[in-house]
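# Survey of secondary and tertiary structure
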Amino acid sequence: MPETPRFTAWRWITGLALAAVVGVMGFALVQFQRHPPLLPYQALVLPEAHSSTGVRVRFGGVSTLVFDDGETAWMTDGFFSRPGAWQTFTEKIAPDAARIDQALKRLGVTRLAAVVPVHSHYDHAMDSPVVAQRTGATLIGSVSTLNVGRGLGLPASRMREVKSGDVVQLGKFSLRFIASRHSPTPYSDGHSLEPIEAPLVPPARATAWREGTVWSLLVTHADGGSWLVQGSAGYVPGALAGLKADTVFLGTGTLGRKDEAYRTAYWNETVRAVGARRVIPVHWDNFWRPLDEPLQAMPLLIDDFSVVMADLSARAAQDKVALKLPPLYVPFVP
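Below is a summary of the structure that appears in this document. From a predicted model like this one, the values you see are computed outputs, not experimental measurements. (Residues numbered from 1 in each chain as written. Predicted model: local features only at pLDDT ≥ 70, side-chain atom pairs only at ≥ 80, totals over all residues. Heavy atoms only, no water.)

### Considerations on the nonpolar core
With 56 residues, the main nonpolar core has F67, W74, L175, F177, F249 and F305 as its most contacted residues. Other than its neighbours up to four places away in sequence, F249 contacts V57, L65, F67, W227, L228, V229, Q230, I280, V282, F332 and P334. Ranked by size, the runner-up nonpolar core spans 21 residues in total, among them A73, V109, M159 and Y329. (Core = buried A, V, L, I, M, F, W, Y, C linked by side-chain atoms within 4.5 Å. Buried < 20%, exposed > 50% of the residue type's maximum accessible area, 1.4 Å probe, protein only. Contact = heavy atoms within 4.5 Å.)

### Focus: the pattern of salt bridges
Inspection of every chain in the model, using the stated rule, returns ten salt bridges. The partner of E293 in a salt bridge is R289, and the shortest N-O contact between them spans 3.6 Å. Two residues, D311 and R315, come together in a salt bridge whose shortest N-O distance is 2.8 Å. Taken together, the positions of D311 and R315, both in helix α8 (residues 305-319) and four residues apart, correspond to about one turn of that helix. You can call D311 buried: its relative accessible area is 11%. Among the ionic contacts, a cluster of salt bridges with common partners joins E260, R263, D311 and R315. (Salt bridge = Lys/Arg side-chain N within 4 Å of Asp/Glu carboxyl O. Helix = DSSP H or I, 4+ residues; strand = E, 2+ residues; numbered from the N terminus.)

### Some thoughts on the packing of helix α7 (residues 260-274) against α8
For the pair α7 and α8, the least separation of the axes is 12 Å and the interaxial angle reads 50°. Here α8 runs oblique to α7, going by the angle between their axes. α8 is crossed by α7, and the crossing has right-handed handedness. Residues E260, R263, T264, W267 and R272 of α7 pack against V307, D311, L312, R315, A316, Q318 and D319 of α8. Residue composition of the contact of α7 with α8, grouped by class: four nonpolar, two polar and six charged. (Axes fitted to C-alpha atoms, helices over the stretch in contact; angles between N-to-C directions. Parallel < 35°, antiparallel > 145°, perpendicular 65-115°, else oblique. Left-handed = near helix turned anticlockwise from the far one by under 90°. Nonpolar A, V, L, I, M, F, W, Y, C, P; charged D, E, K, R; others polar.)

### Here we look at the environment of Y262
Residue position: Y262 is located in helix α7. Distance from Y262 to A233, taken between C-alpha atoms, is 9.9 Å for residues 29 residues apart in sequence. Residue contacts for Y262: discarding those within four places in its chain leaves S183, P184, A233, G234, Y235 and L255.

### Side note on α7
If you check α7, its first and last C-alpha atoms are 21 Å apart, about what 15 residues at 1.5 Å a residue would give, namely 21 Å. For α7, the set of buried residues is Y262, R263, Y266, W267, T270, V271 and V274. In the core, the buried residues of α7 are packed alongside β10 (226-230), β11 (247-251), β12 (278-282) and α8. Two residues or fewer past α7, G275 is found with a positive phi of approximately 65°. (Expected span 1.5 Å × (residues − 1).)

### So, the sheet that holds strand β4 (residues 114-116)
In space, the six strands of this open sheet follow the order β1-β2-β3-β4-β5-β6, with mixed pairing throughout. Of all strands in the sheet, those bounded by a partner on one side alone are β1 (56-59) and β6 (159-161). Here the strands of the sheet are splayed against their neighbours by 20° on average, with no regard to which way each runs. Sheet topology note: the β1/strand β2 (residues 65-68) ladder contains four bridges and is antiparallel. Opposite R58, over in β2, you have V66 as the bridge partner. Packed onto the sheet, helix α5 (residues 128-135) meets β3 (73-76), β4 and β5 (138-141) and runs at close to 170° relative to β4. (Pairing = 2+ DSSP bridges.)

### Here's the deal with the packing of aromatic side chains
Tallying each qualifying case throughout the model produces 17 aromatic pairs. When the ring of Y41 is compared with that of F305, the centres are 5.5 Å apart and the planes differ by 85°; the resulting orientation is edge-to-face. Of this pair, Y41 sits in the loop between α1 (5-33) and β1 while F305 is found in helix α8, placing the two residues 264 residues apart along the sequence. F305 carries the same exposure label as Y41, and that label is buried. For the ring pair F67 and F249, a centre distance of 5.9 Å and an interplane angle of 80° mean the geometry is edge-to-face. Placement of F67 in strand β2 and of F249 in strand β11 is noted, with a sequence separation of 182 residues between them. For F67, a relative accessible area of 0% corresponds to the buried category. Note on F249: relative accessible area 0%, which makes it buried. (Phe/Tyr/Trp six-rings, centres within 6.5 Å; stacked < 30°, edge-to-face > 60°.)

### Quick look at the side chain of T76
Tracing the sequence through the fold places T76 in strand β3. For T76, a relative accessible area of 0% gives the class buried. Within the structure, the side chain of T76 is placed 2.7 Å from the backbone oxygen of S63, a separation counted as a polar contact. If we skip the residues at most four places from it in the chain, T76 touches S63, T64, L65, V116, L217 and V229. (Polar contact = N/O pair within 3.5 Å; in protein donor to acceptor, adjacent residues only side chain to side chain.)

Here's what the structure looks like:
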């Protein structure tokens with residue numbers, strides 16, 4: 001029986017739609033395999049600090065930073081498990097004890113006063129309670145972060161809840177917690193708190209590690225020096241007004257996919273707001289890649305690190321701000 005014109009047209013439309021879907025999926029797959037090169041920025045990597053005097057920082061990927069003055073050491077996040085992308089998207093995930101122990105050894109960390117997740121997504125807080133258990137640290141954060149700790153059996157005596165405006169003293173370090181926002185993404189509008197309302201027991205889907213309170217963390221030291229840790233590329237207008245920091249550890253995740261207006265506002269509300277003279281980008285590396293392999297920028301499907309660095313370089317030059325990158329594992333002067 002011959003095809004009717006209507007059937008023929010429908011078959012053509014269906015075929016074109018299927019071809020378009022396959023094309024989009026193919027493009028997305030290719031973009032997920034492509035990563036902006038890091039080689040052009042090697043001259044910006046800070047040198048290893050061989051002196052143990054003064055405050056030193058070590059970088060452990062994403063927004064993990066170890067602050068150490070020789071007397072007191074404490075850490076943001078402590079995310080080292082870094083499950084692969086396929087596992088993260090399709091399976092349940094959990095802390096990887098072997099990878100955590102390996103990273104702590106490479107960082108030279110045996111004891112910590114505190115572990116402080118900058119928010120409660122899995123790529124920040126999933127490993128934090130295990131790091132606290134390994135190092136004798138107190139887990140400090142929002143109710144959501146503490147529910148991550150409870151799910152892994154961390155006792156109440158080893159956890160401390162903080163709210164916006166609270167100041168925590170760790171030796172000569174002073175940590176001021178200021179409520180901020182997550183970088184807007186297709187999965188987070190940057191405004192909702194997305195709390196974790198019950199103990200989170202892994203393994204669980206990555207989405208179970210909900211955002212909780214997002215922190216801007218202002219760090220000062222009694223012997224001098226001040227640092228802003230902005231672990232996510234979001235901001236609250238005016239939240240940092242009147243505060244000062246010498247250096248900003250600037251979260252740049254997805255910043256390469258934001259428009260010019262957003263990047264301008266983000267720079268103004270963080271770097272310019274605190275009068276920083278140095279910016280060190282963090283949260284730019286591919287956190288689905290294990291740390292025993294060289295760092296790699298996030299896939300182009302997610303972000304574009306070359307756009308981020310071109311943008312930050314121009315703004316830093318205009319404002320006479322030094323733009324640097326952190327070396328992995330080794331101590332540097334922040």
